[in-house]
Structure formats: C-alpha cells, structure tokens
Amino acid sequence: DWGNVDRALKDASIALGYGWCEDHNAPEGTGASPYAINSRAGMRVSTNDGYLEPARGRKNLQIVGNALVSSFSFEGNRPHVSGVQVEVDGRHFSPRATREVLLCAGAIHSPAVLQRSGIGPAALLKSLGIGVMADLPVGENLLDHPMMPLYLHLRDEARVGTMMHRHTNCCLRYSSGLGGAGENDMIVIAGNLVSLGGGDTSKGRLVVSVYQAFSQGTVRIVATDPKRDPAIEERMLSDERDLVRMRDGVRRLRELGRHESVRAITTRVEYGSTGCSIEDDLTPREVDDWMFDECSDAQHASGTCRMGGHDEKTSVVDPDCRVIGVSGLRVIDASVMPEVVRANTHLSTVMIAEKMADRLKAGA
Ligand SMILES: Cc1cc2nc3c(=O)[nH]c(=O)nc-3n(C[C@H](O)[C@H](O)[C@H](O)COP(=O)(O)OP(=O)(O)OC[C@H]3O[C@@H](n4cnc5c(N)ncnc54)[C@H](O)[C@@H]3O)c2cc1C
C-alpha cells in the first residue's frame, strides 16, 4: 500500500547512506523504516475505540458528554481538591470526588483548568484576579516537535488515487550529532498527499522534524471564562540547539528532495509554501527567514505540567502525578512529560495512563 513518495524517500535515504531499519520505534531504530500507525483495517484506533468503548457498559463508569470543566472545588483549611465545577449543556454541576480528582485534559487544557483554579504562576493568576492556591510553573515548558516541509508537485502517474490513501508509510530517523542532542534526534517523514481540498492529490511532501526538541513555550489563560481558549506561545526554534539542527535538517531534506528517486516522481519541489524551487540556492539568511515563517508543530504538545522532584522549581507534579502542594489532585496526560519524547506522543501518553492505572489500582 505504499505511495510513490514513501518509495522515493526509502530509495533516496538508502542511496544517501542512511540505511534501512525495520522498526523506527526500537531504541536503535536508525535509518529509513516503515512508519508505524495505530490502525485496524485502515482505520485509526483512538483511545476511545481502544479503551472507552469496551468499558461503556461498566456499572462503576458514568460518561457525561458535552461537559466543560471550568475549575476545581476546594474544601478545608488547606489546598485540598474535593471535586470539579462543570457545565453540561448550559447547566452547572459540582460533582464531589469520592477519592480524588484525576485531570486528563491534555497539555493545552490541563494547565488552563489548573490556572483557572488558582494553581499556576502567582503573577499570572493575580493579574486575572484569581486567588493563588499553589504557586507552580503550570503552563511553562510547552514542548512539541518543530517541523519544516518541502512540497512535491507530483507527476500524474505518481499521485495516489484518493484522499483516503494512507498519508504516510515511510520515515527516516537519523542522529544529527549536533547541539549536544542524543541518538536519533531527528526524523524525516514522507507525505503521499497534502490536503488541498476537493479531492486534489497533486501534491505530496517531505518534512523534517526535530524529535528531541528543547525550545520551551507557554500556555496561559487570558480570562477566567472556560470558554475562552488559553494563549499558546510555542516559541519553536527559540533554543539554539533546535535551530542548528533544523538548519542542518533542512539541508539534508533538500538533498533528499533533489535525489533522482524524488525527481522521478515530481515536476517541481518547493521550499514549503515559498513558491521557490529547491533547485534555487537560498542564502543562510533566507533559510532562517523561511524557517521562522513556516516552522510548524507536529501536534505533539507536552510538558506543561512537568513531572519532577518536590524540590525542583520546574516541577508541577511529583513522580506519582500528584500536584505538588495540593492534595486530592493528580494530572495524568501528555502534560506531565518532563521532556518531549523522541517519538510520536500518543503511545507514550497511553503508557503514562497504563502505568498510573496500575499504581492507582494498587492503592498508590
Ligand atoms: C491532529 C492530530 C494528529 C495527531 N496524530 C498523532 C499520531 O499520528 N501519532 C501520535 O503518536 N500522536 C498524534 N497526535 C498527538 C496525540 O493525539 C496526543 O499526544 C495525545 O492525544 C495526548 O493525549 P492526552 O490524553 O494528553 O490529551 P488529549 O488526547 O487531547 O485528551 C484530552 C481530553 O480532554 C478533553 N478536555 C479538554 N479540556 C476539557 C475541559 N475543560 N473539560 C472537559 N474536557 C476537556 C478534550 O476534549 C480531550 O478529549 C496527534 C494530535 C493531533 C491534534
């Protein structure tokens, strides 16, 4: 089921000496590989499909749809979370927790719920008139994987037949050896199609991404209203270590894009959406301008409720996912990752949940 862009990336990678590897998720997974995706019979398997649907009939589980949690309820003379404030279809409820509250709203919204509840950077909370329950770096350390594209104008015979074709089947992992990063810090991913609307499959892409990323952004609420989204500053490539590796990554991406196996399936390859052909040399300044203009994330937000020791200034939760300085509350989702993993984030998030489920069942 591979597309022509998959095959071209594989051939170009091997020809350029990157090698072949069966499993890119293996610790030593260096080189071009088949790209792993959670799917069954061509359909993605979400955590809803994998976990929630099979459990829907349980007597001890109640699922409430259209529920928007605004903040927590507190009880007693210390910061103890006793329940949540939630709006369901315009009606307000305050369910009380029998044991504790587990917050799993993801790396963008978990920090927002905490901040609205008075758990976050004191200066931010005070500026919005929110009483401070715990002064913690909630919403700092926003991490993701910076990504840069080349767009491929595909020859007629090289296009996939339909937008339903699997978008990618091949990736290339390599170690940059730059910026003090570890092994397999970078990835290149084939894209057999780019969403152009109207079923147009004329373009594909190759992207390079910094998979061990250091640039830190922020998530900060702008109001106490839970319907107002928080402000997100990703600050992609703001860390010099990411910048030098992305410059090198773009150079390598161009080399792959100019390889004969890619030429054979394309009429033109462009630096992202600049409209400029990769046959043209860009000055270092022009490359930087393009990168700062067009660098995107990989939808892998993480790190905003960082796990760490009680004595570390950067910690929000302890190694048992308990919010430091607050009782009755844990955060269990991608936000607790201290560093963004050198992989796609879904599987690691599932493993965080599995691990914590075992600990909670054991009474931790
Ligand atoms: C478009 C896209 C494509 C992706 N593709 C991949 C991929 O191919 N492979 C991969 O590994 N990863 C992928 N990811 C990343 C992956 O989905 C995330 O890392 C993972 O879902 C994080 O899980 P989480 O539990 O932390 O948060 P989420 O999955 O975001 O779950 C948080 C849940 O909380 C709910 N919520 C938030 N705020 C509130 C509130 N105030 N009240 C009530 N409910 C609330 C949300 O609706 C959501 O259901 C992709 C992400 C996106 C956005």
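Residues numbered from 1 in each chain as written. Predicted model: local features only at pLDDT ≥ 70, side-chain atom pairs only at ≥ 80, totals over all residues. Heavy atoms only, no water.

*Asks:* Break down the sheet that holds strand E10 (residues 147-154) for me, citing the residues and quoting the values.
*Replies:* Spatially, the 6 strands line up as an open sheet ordered E1-E11-E12-E13-E10-E16, and their pairing is antiparallel. Looking at the sheet topology across the chains shown, the edges are occupied by strand E1 (31-34) and strand E16 (266-271). Neighbour to neighbour, the strand axes of the sheet diverge by 20° on average, direction disregarded. The pairing of E10 with E16 spans 5 bridges and is classified as antiparallel. Residue pairing for E16: leucine 150 is matched across the bridge by tyrosine 271. Lying on the sheet, helix H7 (residues 284-294) is in contact with E10 and E16; it crosses E10 at an angle near 95°. (Pairing = 2+ DSSP bridges. Helix = DSSP H or I, 4+ residues; strand = E, 2+ residues; numbered from the N terminus. Axes fitted to C-alpha atoms, helices over the stretch in contact; angles between N-to-C directions. Contact = heavy atoms within 4.5 Å.)

*Asks:* I'd like a description of the domain arrangement of the chain, backed by residues and values.
*Replies:* Per the domain assignment, the segments of the chain are domain 1 (4-45 + 144-215 + 237-294) and domain 2 (64-141 + 301-361). Tallying the contact residues gives 13 residues for domain 1 and 7 residues for domain 2. With both chains or domains summed, domain 1 and domain 2 bury close to 860 Å², and 41% of this area falls on carbon and sulfur atoms. When the buried surface of domain 1 facing domain 2 is broken down by residue, Asp144, His145 and Tyr211 rank first, second and third, together holding 44% of it. Linking domain 1 with domain 2 are 0 salt bridges. Here domain 1 and domain 2 share 7 residue pairs in polar contact (both at pLDDT 80 or more) between them. In terms of residue class, the side of domain 1 that touches domain 2 is made up of 3 nonpolar, 6 polar and 4 charged. (Domains from an automatic or database assignment. Buried area = accessible area lost by both parts, 1.4 Å probe. Salt bridge = Lys/Arg side-chain N within 4 Å of Asp/Glu carboxyl O. Polar contact = N/O pair within 3.5 Å; in protein donor to acceptor, adjacent residues only side chain to side chain. Nonpolar A, V, L, I, M, F, W, Y, C, P; charged D, E, K, R; others polar.)

*Asks:* Lay out a nonpolar patch on the surface with the relevant residues and their values.
*Replies:* On the surface, a cluster of nonpolar side chains totalling about 200 Å² of accessible area is made up of Leu52, Leu61 and Ile63. You can see leucine 52 is positioned in helix H2 (residues 47-55). A relative accessible area of 33% means that leucine 52 is categorised as partly exposed. (Patch = residues over 30% accessible without salt bridge, like charges linked within 9 Å, V, L, I, M, F, W, Y side chains within 5 Å. Areas by Shrake-Rupley, 256 points an atom, 1.4 Å probe, with all protein chains shown as cover. Buried < 20%, exposed > 50% of the residue type's maximum accessible area, 1.4 Å probe, protein only.)

*Asks:* I'd like to hear about H7, residue by residue, with values.
*Replies:* By the burial criterion, the buried members of H7 are Val287, Asp288, Trp290, Met291 and Glu294. All buried residues of H7 fall inside an arc of 160° around its axis, so they share one side. More than 90 degrees from the buried face of H7, the exposed residues found are Arg285 and Asp293. Contact partners of the buried residues in H7: E10, helix H5 (240-257) and E16. (Arc of directions from axis to C-beta.)

*Asks:* Tell me about the site of the ligand, and please be specific about residues and values.
*Replies:* Neighbouring residues of the ligand: 18 residues in total, closest Arg44, Val69, Ala334, Thr345 and His346. In the environment of the ligand, an oxygen atom lies 2.9 Å from a nitrogen or oxygen atom belonging to the side chain of arginine 44. Relative to its unbound accessible surface of 990 Å², the ligand loses 55% to contact with the protein. Elements supplying a minimum of two residues to the shell around the ligand: strand E4 (67-75), helix H3 (106-116) and helix H8 (345-361). Sorting elements by how many residues they give to the shell around the ligand places H3 first, with 4 residues. Split into classes, the residues belonging to the shell around the ligand amount to 7 nonpolar, 8 polar and 3 charged. (Near = heavy atom within 4 Å.)

*Asks:* Describe the environment of tyrosine 35, with residues and values.
*Replies:* With respect to the helices and strands, the residue tyrosine 35 is situated in the loop between E1 and strand E2 (39-40). A residue is classified by how much of its surface remains accessible, and tyrosine 35, at 9% relative accessible area, is buried. Taking the C-alpha atoms as reference, tyrosine 35 lies 42 Å from aspartate 135; in sequence the two are 100 residues apart. Excluding residues within four positions of it along the chain, tyrosine 35 makes contact with His24, Arg166, Thr168, Asn169, Cys170, Cys171, Ile187, Ile189, Tyr211 and Asn344.

*Asks:* How would you explain the sheet that holds E4 if you had to name every residue and give the values?
*Replies:* Working definition: the strands of a sheet are paired by backbone hydrogen bonds and lie parallel or antiparallel to each other. Ordered in space as E4-E5-E6, the 3 strands form an open sheet in which the pairing is antiparallel. The sheet is open, and its two borders are formed by E4 and strand E6 (91-93), each paired with just one other strand. Pairs of neighbouring strands in the sheet enclose a mean axial angle of 20°, with direction left out of account. Across 8 bridges, the pairing between E4 and strand E5 (residues 80-88) is antiparallel. In the strand pairing of E5, phenylalanine 72 is matched with valine 84.

*Asks:* Which residues make up the pairing of strand E11 (residues 170-174), and what values do they have?
*Replies:* Counting buried positions over the 5 residues of E11 gives 5, a clear majority of the element. Covered by surrounding structure in E11 are Cys170, Leu172 and Tyr174 together with Cys171 and Arg173, the residues of both alternating faces. Where E1 lies against E11, 4 bridges are found, and the strand directions are antiparallel. By the bridge assignment, serine 33 is partnered in E11 with cysteine 171. Where E11 and strand E12 (residues 186-191) come together, 4 bridges link them in antiparallel fashion. Residue arginine 173 lies in a different strand from E12, and its bridge partner there is isoleucine 187.

*Asks:* Lay out the packing of aromatic side chains in plain terms, naming residues and giving numbers.
*Replies:* One pass over the full model with this rule turns up 3 aromatic pairs. With a centroid separation of 6.5 Å and 50° between ring planes, the pair formed by tryptophan 2 and tryptophan 20 is classed as tilted. With a gap of 18 residues between them, tryptophan 2 in the segment before helix H1 (4-15) and tryptophan 20 in the loop between H1 and E1 connect regions that are remote in the sequence. Here tryptophan 2 falls in the partly exposed class, since its relative accessible area comes to 25%. When its relative accessible area of 36% is taken as the criterion, tryptophan 20 is described as partly exposed. A ring pair is formed by tyrosine 18 and tyrosine 174, whose centres lie 5.8 Å apart and whose planes are at 50°; its orientation type is tilted. Within this pair, whereas tyrosine 18 is found in the loop between H1 and E1, its partner tyrosine 174 is found in strand E11, the two being separated by 156 residues in sequence. With a relative accessible area of 16%, tyrosine 18 lands in the buried category. When its relative accessible area of 3% is taken as the criterion, tyrosine 174 is described as buried. (Phe/Tyr/Trp six-rings, centres within 6.5 Å; stacked < 30°, edge-to-face > 60°.)

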